[in-house]
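# Overview (structure and organization)
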Amino acid sequence: MARAIQLGGRKPAYDVEILRNRIRGAMENGIAGGFFDPQGVEDGIVMGLRIVGNEIVDCVSEQAERQSGMPFGGIVLGRVYDLEIHDNRIERNGEQARVAVCGIFAAHSRNVQITRNLLRDNGRLADGELLPGPQAGIALRDAGTMAVMDPHGKESGTFRVSAVAAVRIDGNVVESRRGPALWIAGMGAMQIRDNRLAAIDILADLQDEITDAADAYVGSVYLMNRGLPGYLAGWLAALGFDGLKEGFTLQGQPVERLVVGGQVQFTGNQVRLDLTAPTSELALANMLIFSLDDTSVANNQSEGVLGRDLLLCDLLNFAITTRVTGNGFMSTPLLTAFSILSLGLFNHCTNNQATSCIRAFGFSPKSFIGNNAVIWPHPTYCAEDNVIGAM
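As the structure is a prediction and not an experimental result, all values here were calculated from the model. (Residues numbered from 1 in each chain as written. Predicted model: local features only at pLDDT ≥ 70, side-chain atom pairs only at ≥ 80, totals over all residues. Heavy atoms only, no water.)

### As for unusual backbone geometry
Put simply, the rule reads: A run of H or I in DSSP becomes a helix once it reaches four residues, and a run of E becomes a strand once it reaches two; helices and strands are each numbered from the N terminus. Summary of the burial criterion: residues with accessible area below 20% of their type's maximum are buried, those above 50% are exposed, and those between are partly exposed, where the area comes from a 1.4 Å probe applied to protein chains only.
For Arg116, which is not a glycine, the phi torsion comes out positive at approximately 55 degrees. With respect to the secondary-structure elements, Arg116 resides in the loop between β9 (101-115) and β10 (118-120). By relative accessible area, Arg116 is classed as partly exposed at 47%. Even without glycine at this site, Asp121 takes up a positive phi of about 60 degrees. Assignment of secondary structure puts Asp121 in the loop between β10 and β11 (136-144).

### Considering the nonpolar core
Our working rule: Here the nonpolar core consists of buried residues drawn from Ala, Val, Leu, Ile, Met, Phe, Trp, Tyr and Cys, with membership extended through side-chain atoms lying within 4.5 Å.
In this structure, Leu49, Ile75, Ile138, Val167, Ile184, Leu223 and Phe266 are the most contacted members of the largest nonpolar core, which totals 60 residues. Examining the composition of this core, we find that six residues originate from one element, strand β7 (residues 72-86), more than from any other. Core analysis: the second largest hydrophobic core is formed by 18 residues, Ala139, Ala185, Cys313 and Ala337 among them.

### Let's talk about the pattern of salt bridges
Let me state the cut-off plainly: Only one rule defines a salt bridge in this text: a Lys or Arg side-chain nitrogen within 4 Å of an Asp or Glu carboxyl oxygen.
Scanning all chains against the criterion turns up 15 salt bridges. Note that Glu84 and Arg50 form a salt bridge whose closest N and O atoms lie 3.6 Å from each other. Residue Glu84 is located in strand β7, and its partner Arg50 is located in strand β5 (residues 46-52); the two are separated by 34 residues in the primary sequence. The partly exposed category is assigned to Glu84, whose relative accessible area is 25%. Connected through shared salt-bridge partners, Arg24, Glu55, Arg89, Glu91 and Arg120 make up one network.

Keep in mind that these numbers describe shape and distance, not what the molecule does.
Given below as structure tokens:
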């Protein structure tokens, strides 16, 4: 069988549940979504999908052939709204395949909850061969939040943002053989909490003459949130955006739709980047967290194990308002330039312990950077001090 479970086609499907199955040995994906049209004209949208308690093992054979845009993997979905993936075991899919593989992949999603899953040994071990396409433990390429009808504006057809987060990733164990353990891009509130996330290879290749995308140089976690704060909606309305004047509707021009929030919580996670393979690699960041709204990076532990590699920074963080506090960022001394590189308008960076330099900049005088400890200051980047005050 090519795909063990195929959801829909070019028409919508509603309220689908896939519960407690053993899915083994499929030639391609274990669970595959319907047709995905990038133009959104002829999508096989799945509205309401629960995948719970399944075992998805040894799918994606070595005969799998590359396909444009979409990877192979345990769970591969096109356009899906209200997605829940809980208590699944997704292992050893695509170990011999020469194609891009993800444990869980969604091309276009709204209100995703992924909790208590085990993902490991998916994809081919790094062997020097570049495999084009998305590769990660969990990859959500266009995540967002649902817009629901405003009960006070039914006649005018206005909407409000759903209370459910765009993305909630909680209590998972994710190991990625190629690329980040977690790759998310989108808009809306994102909650990443209490996970164990590990990566053993980055996708960029320093030996070729191709300029790789920036995310290819990220180790374990890539979070890109393009959502603007909801409190800016009034300002945009005052500037003349017609859609926002009429009840803050989420319809209209792209700038208007951005005002759905971009809050990111990254808390209580353990993150490991293991680059001890014989080849030399350059990683921009172990964790890259970017938001046009607010980020909270708190009470995480990270470990960077480097061989002949160079890690520019353990955490690279940017937001309008941000707090980096109570973390332990430990990576191989001298091979890591910065443990924390954080930038924001309002920036609080406090009570962190790190093996290398901490550089945090807040453009507001109300920012506070202090009470951090650097164990082994890098002789080139922070030999003279280990804490930089507010800028």
